[in-house]
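Understanding the architecture of this molecule
Listed below are the residues making up each chain.
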Amino acid sequence: MTPRRSRRIAALTAAALALPLVVGATTTATAAPRAADPEPPVFAEASVHDPSLVVADDEYWVFGSHLAAARTDDFVRWEQTANLVTPENPLFDDVTTELAETFEWAESDTLWAADVIRLEADGRYYMYYNACRGDSPRSALGVAVADDVDGPYEDLGILLRSGHREGEGPSEDGTSYDARIHPNAVDPDVFYDDDGALWMVYGSYSGGIFILELDPDTGMPLPDQGYGEHLTGGNHSRIEGPSVMYSEKTDYYYLFTSFGGLDADGGYNMRVMRSKNPDGPYRDAQGHDMREVRSDPDLPIFDDASIEPYGVKVMGGYLFQREVGDPGTGVGDGKVSPGHNTTYVDPRTGQMLLIFHSRFPEQGERHEIRVHEMSMNSLGWPVAAPYRYGGDTEVEKFSRSDVAGDYRLIEHDKALTADVREASTVTLGKHGAVRGALQGVWWSYGKNRLSILADRQLYDGVVTREWDPTSERWVTTFSVLSSQGEPLWGSALAPISDRQVVDAVRGDLTVAGTAVADLDLPTTGTHGSTIVWTSGAPQVVSATGEVVRPAAGEPDAKVTLTARVASGTARATLTFEVVVPARPQAGLVARYAFDGDLAAAGDVAAGTVTGDRIDSTGGQVSFTAGVHGDAVVLDGASGVRLADGLISSDEYTVGLWLRPERLTAFTTSFFGARQSTSWVSLLPQGHGGVGGDTMLWSGSSPSYYDGGTGAQIPVGEWTHLAFTVDGGDVTIYADGEAVHTGTGFPDVFTTSDGVFALGVNWWDVPFQGAIDDLQVYSGALSAEQVAAVADGQVVDLG
């Protein structure tokens, strides 16, 4: 740092600590189109969980969990090339037999994050694969080799095992396996250091992250290393997914890891630390030796508080939420539990890319590959760009007036939480003041460098132009990092007057005309405008949107809601008429007897045949002898779409007879959803979290309910399944016996237009087998009434 700049920072620091400051007007330059802006990007998506990058000729490939793979030539458009561990996966001739020894040790056929590298010695591609139980560190890590990046790969054997039990011999370092100090042998990342030595960093939870040196000629571990050197984590710290990047510019090795859990409610976030040596020790921005970062053994397992303050944050869950009046549609742009990254450094330009998987706001567990560009700040730490990479752009020069303006601000703190950080508003004044969500000063320097001194923290990073997918325009953004290792991101807002702000909110603000559940009444609009609500009948719909439906038999309620919008001195008033229907009368909503057709008893439409998804066509059904008359037969490639809106409250009962011909995880028998992130699914075979037991699974993102029954219904035999929901209370019955009771069940059917089906949803393998006598009721039936339904009776709740 030059003496002149040092004096400048000192002066600005003094000014910031002597607030308030004189604030000047901002400019409009942040939102103006620039001549260097390229054409809008056209993205193509692929899903690879835990991606790891390898370059093959002029293509870039990522490999990940479940033997998923994808390729691209520009990091914008991806093509899926493989997915799921099956004998037909193109990466192996028959992976289920070739890796049988691995699956036997791991007691699981789940392959986790694979890593592929092309060895310089022979030019062949080496895949470091790993299988793990998931609920314990019972894992095996091995390697396979292929002449071509897309296989087929030939197994060379297991390199490491973890999770040894008593009587199975010592662990890899010759001692009894101890999950608190020994690694879980998963998540490998193999890389060359600057001297050409070959290394493998790996590990997840358990004893932490470790590194082994490999033979560059064979790709095998050099002898007598055991599990290798410990780098960070331990005592079951939630740290995993290591990846190492070397920077010629800084001459540092950067170790990226993911803290937290990978699910939408797990709080996954990426952090980085650095070292002058590939095998450490690694330190964070505050100088902490990351070898000492581990969970407190005196606290509960997976304690997060002990590790939360450490590492340099790269990215966590965030949302540049679309406010009322903002351009575009949808909820905005963001990530949920982004993590398990790989990196790419262009050998010609030095451009750095961060490649990872992510879930997304209000989209449940759906995940895809995402790429963000990175830049080094002045202290040699990588900062990630706020938006996904939209293609190569030249590094522009930004003047002070280019940078000044209003921004949406994301503050990435180090809290290990599932909470998604939403944007606030900050202004970088043209005279150097920072106001709004932060108070302080800012200055730009160099071609595109930016520093912000706010709330007694100095942040440093870069200014860029990026594609905002919500507004569908190129915008000025900044990404800066504090000395504590916490990033700030900014995305420029289009400059408009107060009257334009109010008009934009007024033109965009809507309220549902019918409300059967609480309403979302926004209180903020674009550019920090405010919206204040009043209700003509607060006992029915409150000013904050709580809805109390009239009792069954009472007339529907009509409520006038008034919204008052303000920005600066501009004002507007809007009114909305809302109908709140009375609660439905308890009783039969629909009965599908399947006596030779798909007709329904009750005032609902007949069922229609679907293909292998709830909204596809082309399927077929047949009929066979059932428990009560005939039953419908689903062939494993078809389903039945039921009438929309069967359930529109939080009190209901569903009962049906099932005779499956096969069982597959996640396959639904009865499915209902408000949208793709809020659903109820009755699974004959549940997911692995409950051991494959028959279960009632429900999600209202980001929370889920696993209603395990403790057993799995038999194949080839009839079983009656039913479930009742009474507010948040749920009971599941099998052949009339209660097999699960619980509380906190999600309130899914909060509209009157939910979709319902038998045997299919939007994602999973369809049901194969017979279904008979589906009955749907409003109201929660008693155990005696459920038994009557199983006997083929229609229960009168009047």
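The subject of this paragraph is the overall build of the protein. A tally of regular secondary structure across the protein gives six helices and 48 strands. Compactness check: the protein gives a C-alpha radius of gyration of 29 Å against a globular reference of 28 Å for 798 residues, within 12% of the reference. Over its C-alpha atoms, taken along the principal directions, the protein stretches across nearly 85 × 75 × 50 Å. In the protein, which comprises 798 residues, the proportion classed as buried is 55%. Accessible surface, the protein as shown: approximately 31,400 Å² in total, 47% of it carbon and sulfur.

Turning our attention to the packing of aromatic side chains. For the coordinates displayed, the defined rule picks out 30 aromatic pairs. Taking 5.1 Å as the distance between ring centres and 35° as the angle between the ring planes, the aromatic pair formed by Phe749 and Phe756 counts as tilted. We note that Phe749, like Phe756, is buried. Its end group placed over the ring of Trp105, Arg161 keeps NZ or CZ at 5.3 Å from the ring centre. The aromatic ring of Tyr252 is capped on one face by Lys276, whose charged end is 4.1 Å from the ring centroid.

For the rest of this paragraph, the subject is the sheet that holds strand β4 (residues 79-82). Taken in spatial order, the four strands of this open sheet run β1-β2-β3-β4, and their pairing is antiparallel. In the strand order of this sheet, the two ends are held by β1 (52-56) and β4, each with one partner. Recorded for the sheet is a direction-independent mean angle of 30° between the axes of neighbouring strands. Both β1 and strand β2 (residues 59-63) contribute to a ladder of five bridges, which runs antiparallel. Its bridge partner being in β2, Ser52 is matched across the sheet by Phe63.

Our next topic: the side chain of Asp193. By the element assignment, Asp193 lies in the loop between β9 (189-192) and β10 (198-202). With near-sequence residues (within four places) excluded, Asp193 lies in contact with Trp199, Tyr253 and Pro278.

In terms of nonpolar packing, the biggest core is built from 35 residues, with Leu642, Tyr652, Phe670, Phe723, Leu758, Ile771 and Leu774 touching the most fellow members. Among the secondary structure elements, those contributing two or more residues to this core are β34 (587-592), β37 (630-635), β39 (651-660), β41 (678-683), β44 (719-726), β45 (729-734), β47 (755-758) and β48 (768-778). Examining the composition of this core, we find that four residues originate from one element, β39, more than from any other. Apart from the residues lying within four places of it in its own chain, the contact partners of Leu774 are Ala590, Arg591, Tyr592, Phe594, Leu642, Val654, Gly655, Leu656, Phe670 and Leu758.

Next up on the list: the pairing of β37. Two elements, strand β36 (residues 621-625) and β37, share five bridges in a ladder whose sense is antiparallel. Counted as the bridge partner of Thr624 is Ala631 from β37. Counted along the chain from β36 to the antiparallel partner β37, the turn is four residues long, and its residue Gly629 has a positive phi close to 75°. Pairing of β37 with β48 involves four bridges; the strand directions are antiparallel. Note that in β48 the partner of Val633 across the bridge is Ala770.

Another point: helix α5 (residues 498-508). Looking only at α5, the buried set comprises Val501, Val502 and Val505. Down the axis of α5, the buried set is contained in an arc of 95°. They therefore lie on one face. Turning to α5, the residues buried within the fold contact β31 (530-535), β32 (557-567) and β33 (570-580).

Locating Leu519 in the fold gives a position in the loop between α5 and β31. Once the C-alpha coordinates of Leu519 and Lys430 are considered, the two residues, 89 residues apart in sequence, prove to be 40 Å apart. Leaving out residues up to four positions away in the same chain, Leu519 has contacts with Val511, Ala512, Val541, Thr544, Gly545, Val547, Leu561 and Val578.

As a further point, take the sheet that holds strand β6 (residues 125-132). With antiparallel pairing, four strands are arranged side by side in an open sheet as β5-β6-β7-β8. At either margin of the open sheet sits one strand with a lone partner, and together these are β5 (115-118) and β8 (154-162). The sheet shows a mean angle of 20° between the axes of neighbouring strands, taken without regard to direction. With eight bridges joining them, β6 and strand β7 (residues 139-146) adopt antiparallel strand pairing. In the strand pairing of β7, Cys132 is matched with Ser139.

For Arg549, the location among the structural elements is in the loop between β31 and β32. Of the side chains bearing the opposite charge, Asp650 lies closest to the buried Arg549, which forms no salt bridge; the N-O distance is 6.8 Å. From its side chain, Arg549 meets the backbone oxygen of Ala582 in a polar contact 3.1 Å long. Not counting the four nearest positions on each side in its chain, Arg549 is found in contact with Val516, Val580, Pro581, Ala582, Arg583, Pro584, Ser648 and Ser649.

So, on to the pattern of salt bridges. Applying the stated criterion across every chain, the model contains 28 salt bridges. The closest approach of N and O atoms between Arg124 and Asp147, which form a salt bridge, is 2.9 Å. In this pair, Arg124 is assigned in the loop between β5 and β6 and Asp147 in the loop between β7 and β8, connecting sequence segments 23 residues apart. For Asp147, a relative accessible area of 55% gives the class exposed. Here Asp503 makes a salt bridge to Arg506, at a shortest N to O gap of 2.9 Å. Of this pair, Asp503 and Arg506 both sit in helix α5, three residues apart, which is roughly one turn of that helix. Through salt bridges with shared partners, one network takes in Glu45, Arg366, Glu368, Arg370 and Arg388.

Moving on, we come to the environment of Met695. Mapped onto the elements of the fold, Met695 is located in strand β42 (residues 695-700). Residue class for Met695 comes out buried when judged on its relative accessible area of 0%. Along the sequence, Met695 and Thr329 sit 366 residues apart, while their C-alpha atoms lie 36 Å from each other.

It is worth spelling out a negative patch on the surface at this point. A cluster of acidic residues, Asp194, Asp195, Glu248 and Asp251, forms a negative patch on the protein surface. Looking at where Glu248 falls in the secondary structure, it is placed in the loop between β13 (239-247) and β14 (252-259). We classify Glu248 as exposed; its relative accessible area is 69%.

Further remarks concern the confidence of the model for the protein. Across the protein, the average pLDDT comes to 92, with 94% of residues at 70 or higher. Note on residues 1-29: pLDDT is under 50 here. Beyond four places in sequence and across chains, it has 45 contacts.

A few words on the pairing of strand β24 (residues 424-428). Note that strand β22 (residues 405-411) and β24 share five bridges and pair antiparallel. The partner of Leu409 across the bridge, within β24, is Ser424. In terms of strand pairing, β24 meets strand β25 (residues 433-436) through three bridges, oriented antiparallel. What sits directly across from Thr427, in β25, is Arg435. The hairpin formed by β24 and β25 contains four residues between the paired strands, and Gly432 there has a positive phi angle of roughly 100°.

Here is what the cut-offs are and how they apply
Residues numbered from 1 in each chain as written. Predicted model: local features only at pLDDT ≥ 70, side-chain atom pairs only at ≥ 80, totals over all residues. Heavy atoms only, no water. Helix = DSSP H or I, 4+ residues; strand = E, 2+ residues; numbered from the N terminus. Rg over C-alpha atoms; globule rule 2.2 N^0.38 Å. Buried < 20%, exposed > 50% of the residue type's maximum accessible area, 1.4 Å probe, protein only. Areas by Shrake-Rupley, 256 points an atom, 1.4 Å probe, with all protein chains shown as cover. Phe/Tyr/Trp six-rings, centres within 6.5 Å; stacked < 30°, edge-to-face > 60°. Lys NZ or Arg CZ within 6 Å of the ring centre and 35° of its normal. Pairing = 2+ DSSP bridges. Axes fitted to C-alpha atoms, helices over the stretch in contact; angles between N-to-C directions. Contact = heavy atoms within 4.5 Å. Core = buried A, V, L, I, M, F, W, Y, C linked by side-chain atoms within 4.5 Å. Arc of directions from axis to C-beta. Lys, Arg positive; Asp, Glu negative; His and termini not counted. Salt bridge = Lys/Arg side-chain N within 4 Å of Asp/Glu carboxyl O. Polar contact = N/O pair within 3.5 Å; in protein donor to acceptor, adjacent residues only side chain to side chain. Patch = residues over 30% accessible without salt bridge, like charges linked within 9 Å, V, L, I, M, F, W, Y side chains within 5 Å. Charge placed at Lys NZ, Arg CZ, Asp CG, Glu CD. pLDDT = per-residue confidence, 0-100.

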